[in-house]
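If you want the building blocks of each chain, they are given just below.
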Amino acid sequence: MNQNTKDLSSSGAKTFYIHTYGCQMNVRDSELVTNNLLAHGYTLSDSEENADIIIINSCSVRGKAEDKAIGKARLLCARRRSPDVVVGLMGCMAQRFGEDIFEQVRGLSFAVGTRAESRIPLILKRLEMGEDNISETGNFDDDTSGSNYVAPLGEVTETRISSFVTILLGCDRRCTYCIVPDVRGKEHSRQPAEIIAEIRALADSGISEITLLGQSVMNYGKRDFKWSEDIPSPMGFTEPLPRLFELIVANIPEITRIRFTSSHPTGVTDELISAMSRIPQLCRHLHLPLQSGSDRILKLMRRGYDTATYLDALKRLREALPDLAVTTDIIVGFPGETEEDFEATRKVMEEAQFDNSFIFKYSPRPGTPAAELESGVTEEEKMRRNRILLEDQDRRGLAINNRSIGTVTEVLAEGPSLRNPKRWSGRNSQNKIVLFEPGSRISVGDTVLVRITRARPQTLFGDLVEKSEI
Ligand code: SAH
Ligand code: SF4
Ligand code: F3S
């Protein structure tokens, strides 16, 4: 894979550990760095304490996320068991701060931003040669910057059946509260052939479910390249994302489940809905962030839709896919959010009947337009609104899940549940966690049928059944 592989490994099998914060994209980036380091002769450490190289993959989306990573980095630097232990930062915070991070975290060895992570092996070599405080950030200025994103193909290191695959880098939308476009750069769609090769490698190491990632995943391929005539679409799709689905299904039969996230309400086209109903591998779940149910706030957020457009997208989806589960993200306490705006959000959430919602307290991000606005919402008030929406969601989630009691659902078995290893855990097509008593011959990755007997707001419980018993 790399000409330097032998040279670097001869320096001794150093061990590394990556601590990951943030979203699914960070999870995947950590895996790519893992594969890259393994290919360069480093080995995985079983624990953070014993590792020679500790890397924190960081998130900048909210102030709290940054505090966590900084706290962790400071702790690791202060407690390093020898001066030779390398402590590095990668991901969104490293991109945001650049070399200023060394003032915040004393003793940090390196900081490497997004789309620059493939340089980590070289940075480690430079550290060995005596350099310190090395900072490298991704350059998003030119259109080829996506090519800095290297996806080393390799085995997944854990026994897993599911993996993320980033298909769309960056984000051009610039919602007024959001730091992601600054830290992830311009939107860039990866080439289909490259994506197929990555999924092929995942399938070869036992992965049967993939989640395609992009900040606005439906923008995939819309601008960066034309789908040439030589990539046929037997189903007659013209939009790039449905065509990518088709390509995956045609080329990698081992992939039995395909998910994609995050969706943007303006991207819910008839063709996407048609793809979801016609391609059986596409799961019956959509994460469709609403952010607010107040049109006034949505405008201030510059989200590009109003609640009527959102609810219309939902209606069209559910008409075509009655068993679709929909989850969402909501921000409470956006600057100037009144009680009336908040109640509007509650109302739309109730109307939308979300299966699950992720509620975030607004956090001003330096340099974003919303950070310039007068807050007007106290921390206590944000907490109250957060709590109310969570309570609403619990009630709603339980009622929705209770309705599935007695039905049979198909579950991809992931293995013993962490809380109670006597039970097994898996997910159904709707992305709900299903817990069940394993039979005698069940293996990780099996698709099993479970009859639901009990429900909690975010979990279903049930018993294994045979096809003949339905
Ligand atoms: N690209 C995705 C969102 C990625 S960030 C999308 O548009 O759907 C994940 C979530 O974090 C967002 O949906 C939003 O709800 C939340 N978020 C982003 N910036 C935030 C901020 N400044 N304060 C609080 N929550 C925020
Ligand atoms: Fe942030 Fe908006 Fe882009 Fe999502 S679409 S990453 S919320 S700017
Ligand atoms: Fe956080 Fe970066 Fe993801 S800011 S949410 S890790 S894109």
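Computed from a predicted model, the values in this text were never measured in an experiment.

Caption draft 1: Layout of the site of ligand 3. Taken together, Cys23, Asn26, Cys59, Ser60, Val61, Cys92, Arg184 and Gln215 are the residues near ligand 3. Counted by class, the shell around ligand 3 contains four nonpolar, three polar and one charged residues.

Caption draft 2: Representation of the packing of aromatic side chains in the model. According to the stated counting rule, one finds five aromatic pairs in the structure shown. Between Phe245 and Phe260, the aromatic rings sit 5.1 Å apart at their centres with planes inclined by 40 degrees, giving tilted as the arrangement. Here the residue Phe245 occupies a position in helix 9 (residues 240–251), and Phe260 occupies one in strand 11 (residues 257–261), the gap between them amounting to 15 residues. Each member of the pair Phe245 and Phe260 is classed as buried. Here Tyr310 and Phe354 contribute two aromatic rings whose centre-to-centre distance is 6.2 Å and whose plane-to-plane angle is 70 degrees, an arrangement assigned as edge-to-face. Placement of Tyr310 in helix 12 (residues 307–320) and of Phe354 in the loop between helix 13 (339–352) and strand 14 (356–361) is noted, with a sequence separation of 44 residues between them. Aromatic rings pair up to connect Tyr177, Phe334 and Tyr362 into one cluster.

Caption draft 3: Structural context of the pattern of salt bridges. Under the defined criterion, the tally for this structure stands at 40 salt bridges. Between Glu198 and Arg28 there is a salt bridge; the shortest N-O distance is 2.8 Å. With Glu198 in helix 8 (residues 192–204) and Arg28 in helix 2 (residues 24–39), the pair connects residues that are 170 residues apart, well separated along the chain. Accessibility assignment for this pair places Glu198 and Arg28 in one class, buried. The residue Asp312 makes a salt bridge to Arg316 at a minimum N-O spacing of 3.2 Å. Taken as a pair, Asp312 and Arg316 lie in helix 12 at a separation of four residues, close to a single helical turn. Classification of Asp312 as partly exposed rests on a relative accessible area of 37%. Classification of Arg316 by relative accessible area gives partly exposed; the value is 26%. When salt bridges that share partners are traced, they join Arg28, Glu31, Arg160, Arg190, Glu194 and Glu198 into one network.

Caption draft 4: Spatial organisation of the site of ligand 1. The local shell around ligand 1 holds 15 residues, among which Gln215, Pro289, Gln291, Asp329 and Ser363 are the closest. For ligand 1, a nitrogen atom lies 2.7 Å from a polar atom in the side chain of Gln215. Interatomic distance of 2.8 Å between a backbone N/O atom of Ser363 and a nitrogen atom of ligand 1. For ligand 1, whose accessible area on its own is 540 Å², the fraction buried by protein is 90%. When residues of the shell around ligand 1 are traced back to their parent elements, those giving at least two are strand 13 (325–332) and strand 14. Of the residues contributing to the shell around ligand 1, the split by class is six nonpolar, four polar and five charged. Shared between two domains, the shell around ligand 1 takes at least three residues from each, and those domains are domain 2 (159–283) and domain 3 (285–400).

Definitions and cut-offs
Residues numbered from 1 in each chain as written. Chains lettered and ligands numbered in written order. Predicted model: local features only at pLDDT ≥ 70, side-chain atom pairs only at ≥ 80, totals over all residues. Heavy atoms only, no water. Near = heavy atom within 4 Å. Nonpolar A, V, L, I, M, F, W, Y, C, P; charged D, E, K, R; others polar. Phe/Tyr/Trp six-rings, centres within 6.5 Å; stacked < 30°, edge-to-face > 60°. Helix = DSSP H or I, 4+ residues; strand = E, 2+ residues; numbered from the N terminus. Buried < 20%, exposed > 50% of the residue type's maximum accessible area, 1.4 Å probe, protein only. Salt bridge = Lys/Arg side-chain N within 4 Å of Asp/Glu carboxyl O. Polar contact = N/O pair within 3.5 Å; in protein donor to acceptor, adjacent residues only side chain to side chain. Areas by Shrake-Rupley, 256 points an atom, 1.4 Å probe, with all protein chains shown as cover. Domains from an automatic or database assignment.

Function cannot be inferred from these measures alone, as they are strictly geometric.
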